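Take a look at the letters that make up each chain.
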Amino acid sequence: MRPSISEWLYNRMEMEESLNLKFAALADPTRRAILLRLAKSDATVSQLQKPFPITQPAISKHLRILEGAGLIERGQAAQSRPRHLNVIALNEVTTWFEHVRTLWDDSFDRLDEFLTATNNDKGGD
């Protein structure tokens, strides 16, 4: 059964809001660096703070933004709460980029066909 138009619009708006949060989080170079670090392995707040010349409250703010966007999650290991990358959330961003890439590829293919047909009509090669 197909969803109603209102369900479809609601789902689309939710997806757009989710993407907006992810892109806003990815816009900051410190947060991108944190994600790269977490791609290697889980890390605590103090481990994530080490390479940056920022305070613990500043790194915590970056982590809250990444968590709010769903890009990282907080784990539980004894006394610490290591963060880890949420690969599924990154797939949403990748899927969006793939969709845009497909649209551009299709547009370029149509342009190429048009230019070839135009060139052939003029007797060129």
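Going along each chain's sequence as written, the residues are numbered from 1 onward. Confidence filtering applies because this is a predicted model: local features only for residues at pLDDT of at least 70, side-chain atom pairs given and counted only at 80 or more, and all residues used for totals across whole chains, interfaces and linings. The basis for the side-chain values is all heavy atoms of the structure; hydrogens and waters are excluded.

Engineer: Describe the environment of H62, naming the residues involved and giving the relevant values.
Structural biologist: Its place among the elements puts H62 in helix α4 (residues 56-68). Along the sequence, H62 and A25 sit 37 residues apart, while their C-alpha atoms lie 8.3 Å from each other. With sequence-adjacent residues up to four places away left out, H62 is seen in contact with D28, T30, R31, I34 and I54. By definition, any uninterrupted DSSP run of H or I lasting at least four residues is a helix, any uninterrupted run of E lasting at least two residues is a strand, and each is numbered from the N terminus. What makes two residues a contact is simply this: any of their non-hydrogen atoms within 4.5 Å.

Engineer: Got a sec to walk through the nonpolar core? Specific residues and values, please.
Structural biologist: Definition of nonpolar core: a set of buried residues of the types Ala, Val, Leu, Ile, Met, Phe, Trp, Tyr and Cys, connected through side-chain atoms within 4.5 Å. Buried, partly exposed and exposed residues are distinguished by accessible area as a fraction of the type maximum, computed with a 1.4 Å probe on protein chains only: under 20%, between the cut-offs, and over 50%, respectively. Counting residues in each nonpolar core, the largest one holds 19 residues, and the members touching the most others are I34, L35, L38, L66 and L71. Breaking this core down by element, the ones donating at least two residues are α1 (5-26), α2 (29-40), α3 (45-49), α4 and α5 (87-121). Setting aside anything within four residues of it in sequence, one finds L71 in contact with K22, A25, L26, L35, L66, H84, L85, N86, A89 and L90.

Engineer: Can you explain the packing of α2 against α4? Please cite residues and give values.
Structural biologist: Geometrically, a packed helix pair is captured by the angle between its two axes and the distance between the axes. Running from amino to carboxyl end, α2 crosses α4 at an angle of 75 degrees, the nearest separation of the two axes being 10 Å. In terms of orientation, α2 lies roughly perpendicular with respect to α4. Contacts from T30, R31, I34 and L35 in α2 reach I59, H62, L63, I65 and L66 in α4. Between the N-to-C directions of two axes lies an angle of 0 to 180 degrees, each axis being a line fitted to C-alpha atoms and, for a helix, fitted only over the stretch in contact. Convention used here: angles under 35 degrees read as roughly parallel, angles over 145 as roughly antiparallel, angles from 65 to 115 as roughly perpendicular, and any remaining angle as oblique.

Engineer: Help me get a handle on the pattern of salt bridges, residues and values and all.
Structural biologist: The term salt bridge refers to a side-chain nitrogen of Lys or Arg lying within 4 Å of a carboxyl oxygen of Asp or Glu. Per the counting criterion, the structure on display carries five salt bridges. Two residues, K22 and E92, come together in a salt bridge whose shortest N-O distance is 3.1 Å. One end of the pair, K22, is in helix α1; the other, E92, is in helix α5, and 70 residues separate them in sequence. Here E67 makes a salt bridge to R83, at a shortest N to O gap of 2.7 Å. Taken together, the residues E67 in helix α4 and R83 in strand β2 (residues 83-85) connect sequence positions 16 residues apart. Counted as one network, the salt bridges with shared partners bring together E67, R74 and R83.

Engineer: Residues and numbers for α4, please.
Structural biologist: Taking 1.5 Å per residue, 13 residues should reach 18 Å; α4 reaches 18 Å between its end C-alpha atoms and fits that length. Those residues of α4 that sit buried are I59, S60, H62, L63 and L66. Looking straight down α4, one finds its buried side chains confined to an arc of 160 degrees; they lie on one side. Opposite the packed face of α4, turned more than 90 degrees from it, sit the exposed residues P57, K61, R64 and G68. Immediately downstream of α4, the backbone of G70 shows phi near 80 degrees, a positive value. Residue count minus one, scaled by 1.5 Å, sets the expected span of a helix. What the arc covers is the set of directions going from the helix axis to the C-beta atoms.

Engineer: Describe in detail the environment of S18, supporting the description with residues and values.
Structural biologist: Along the chain, S18 turns up in helix α1. Separated by 52 residues in the primary sequence, S18 and G70 place their C-alpha atoms 8.4 Å from one another. Between N or O atoms, a polar contact is any pair within 3.5 Å; within protein, one atom must be a potential hydrogen donor and the other a potential acceptor, and residues adjacent in sequence are included only when both atoms are from side chains. A polar contact is formed between the side chain of S18 and the side chain of E92, at a distance of 3.0 Å.

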